[in-house]
Amino acid sequence: MEVTVNKSKIVLVQGDITTQATQAIVNAANTRLAGGGGVDGAIHSAGGPTIMAECRKIGGCPTGDAVITTGGTLKAKYVIHAVGPIYRGGTQGEEKLLASAYRKSLELAAVKGIHSISFPSISTGAYNYPIRQAARIALATAVDYLTEHSQIELVRFVLFGAVDLEVYEAALKDLTK
Ligand code: ADP
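The numbering scheme is per chain: residues are counted from 1 as the chain's sequence reads. Side-chain atom pairs in this predicted model are given and counted only at pLDDT of 80 or more, local residue features only at pLDDT of at least 70, and totals for whole chains, interfaces and linings cover all residues. The side-chain values count all of the structure's non-hydrogen atoms but skip hydrogen atoms and water molecules.

Helix numbering and strand numbering both begin at the N terminus, where a helix is a DSSP run of H or I of at least 4 residues and a strand a DSSP run of E of at least 2. When you go through the protein residue by residue, the secondary structure sums to 5 helices and 7 strands. Helices and strands appear in the protein in the N-to-C order β-β-β-α-α-β-β-α-β-α-β-α. Note on method: radius of gyration uses C-alpha positions; expected globular size equals 2.2 Å times residues raised to 0.38. In terms of overall dimensions, the protein is globule-like: its C-alpha atoms have a radius of gyration of 15 Å, near the 16 Å expected for 177 residues. Across its three principal axes, the protein shows a C-alpha extent of roughly 45 × 35 × 30 Å. We call a residue buried when its accessible area falls under 20% of the maximum for its residue type, exposed when it is over 50%, and partly exposed in between, using a 1.4 Å probe and counting protein chains only. Across the 177 residues in the protein, those meeting the buried criterion constitute 48%. Side chains of the protein carry 17 positive and 15 negative charges; the gap between the two charge centres is 4 Å. For the purpose of charge, His is not counted, nor are the chain termini; Lys and Arg are scored as positive and Asp and Glu as negative. By convention, the charge on Lys lies at NZ, on Arg at CZ, on Asp at CG and on Glu at CD.

We now examine the environment of Tyr87. Topologically, Tyr87 is positioned in the loop between strand S5 (78–82) and helix H3 (94–111). Since its relative accessible area comes to 21%, Tyr87 is described here as partly exposed. Placed 69 residues apart in sequence, Tyr87 and Arg156 show a C-alpha to C-alpha distance of 24 Å. The criterion used for residue contact is that any of the two residues' heavy atoms lie within 4.5 Å. The contacts of Tyr87, once residues within four sequence positions are left out, are Glu94, Tyr127, Asn128, Tyr129, Pro130 and Gln133. Side-chain atoms alone can form a polar contact between residues adjacent in sequence; in general such a contact is a pair of N or O atoms within 3.5 Å, and within protein one must be able to donate a hydrogen while the other accepts it. Engagement of the side chain of Tyr87 in a polar contact is seen with the backbone oxygen of Gly89, the distance being 3.3 Å.

We now examine the layout of surface pockets. Both site types are read off a 1 Å grid over the protein atoms alone. A 1.4 Å probe that fits but cannot get out defines a cavity, while an open set with protein on both sides within 12 Å along at least five of seven lines defines a pocket; lining residues have an atom within 4 Å of a point. Grid points are joined across faces, edges and corners, and a volume is the space filled by probe spheres set on the points. Each pocket or cavity is described by its volume, and for the largest pocket that value is around 540 Å³. As for the largest pocket, its lining consists of 29 residues, of which Ala28, Gly38, Val39, Ser121 and Gly125 are closest to the centre. For the lining of the largest pocket, the secondary-structure elements that each account for two or more residues are helix H1 (38–47) and strand S7 (154–159). The dominant element in the lining of the largest pocket, judged by the number of residues it contributes, is H1, at 4 residues. Asp, Glu, Lys and Arg are counted as charged, while Ala, Val, Leu, Ile, Met, Phe, Trp, Tyr, Cys and Pro are counted as nonpolar; the rest, among them Gly, fall into the polar class. Considered class by class, the residues forming the lining of the largest pocket number 15 nonpolar, 11 polar and 3 charged.

Where burial is concerned, most of S7 is hidden: 6 out of the 6 residues are buried. Side chains Leu154, Arg156 and Val158 of S7 all project onto a buried face; the interleaved residues Val155, Phe157 and Leu159 project onto the opposite face, where all are buried too. Criterion used throughout: strands pair if DSSP finds at least two bridges between them. Both strand S2 (residues 8–14) and S7 contribute to a ladder of 6 bridges, which runs parallel. Across the sheet, Ile10 pairs through a bridge with Val155, a residue of S7. Note: strand S6 (residues 116–119) against S7, 4 bridges, orientation parallel. Along S7, the bridge assignment pairs Ser118 with Arg156. Taken together, S6, helix H4 (residues 131–148) and S7 form a β-α-β motif whose crossover is right-handed. With the strands pointing away from the viewer, any crossover whose connection runs clockwise from the first strand over the helix to the second is right-handed.

Moving on, we come to the nonpolar core. Nine residue types can take part in a nonpolar core, namely buried Ala, Val, Leu, Ile, Met, Phe, Trp, Tyr and Cys, and a core is a set of them joined through side-chain atoms within 4.5 Å. Ile10, Ile80, Ile117, Phe119, Val155, Phe157 and Tyr168 are the most contacted members of the largest nonpolar core, which has 42 residues in total. In contact with Val155, other than residues within four places in its own chain, are Lys9, Ile10, Val11, Leu106, Ile117, Phe119, Ala142 and Leu146. One finds Leu33, Ile43, Cys61 and Ala76 within the second-largest nonpolar core, a separate group that totals 15 residues.

Written as structure tokens, this is what we have:
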């Protein structure tokens, strides 16, 4: 599924984020940038050790924020490491923090002159964010950002499973109807 927002496109696909050829891909990182399972493990194993070496130099990243490294051996030139919140019932500021992780990633991409970026579904794996809510927050943040800024021409959401893709499609239809 694909929608146009202002001069840019939001595209939803099922797939593996590590193989995307957008200029940047986003990692669902942790605050220590220490590596882990899920998307993080997949990106570090596909992109090689230089990404982790750069993460160690940066040292860490607060929840709701993002940092950037090169893409190592990935097709993507950059990896943006965004830290989403751990879901603890929804009363701990999770919604704002999740929106901020997406927004900061887009802002960082723009600063680096990036025109295309792929996101995974941040926080909906090990961090347990309910995917219906997370999809709405992710997509609303992208729609709002692209309405105000036109440098980033392509924002692709790469969902690992078919059901996740359906949830994102429903949320995007709802937001853009
Ligand atoms: P978090 O800790 O932020 O919840 P996870 O990596 O555990 O991050 O999961 C986030 C989402 O990414 C989950 O929906 C998971 O299925 C998905 N995912 C895992 N590996 C990949 C991959 N290689 N490409 C895209 N999405 C992936």
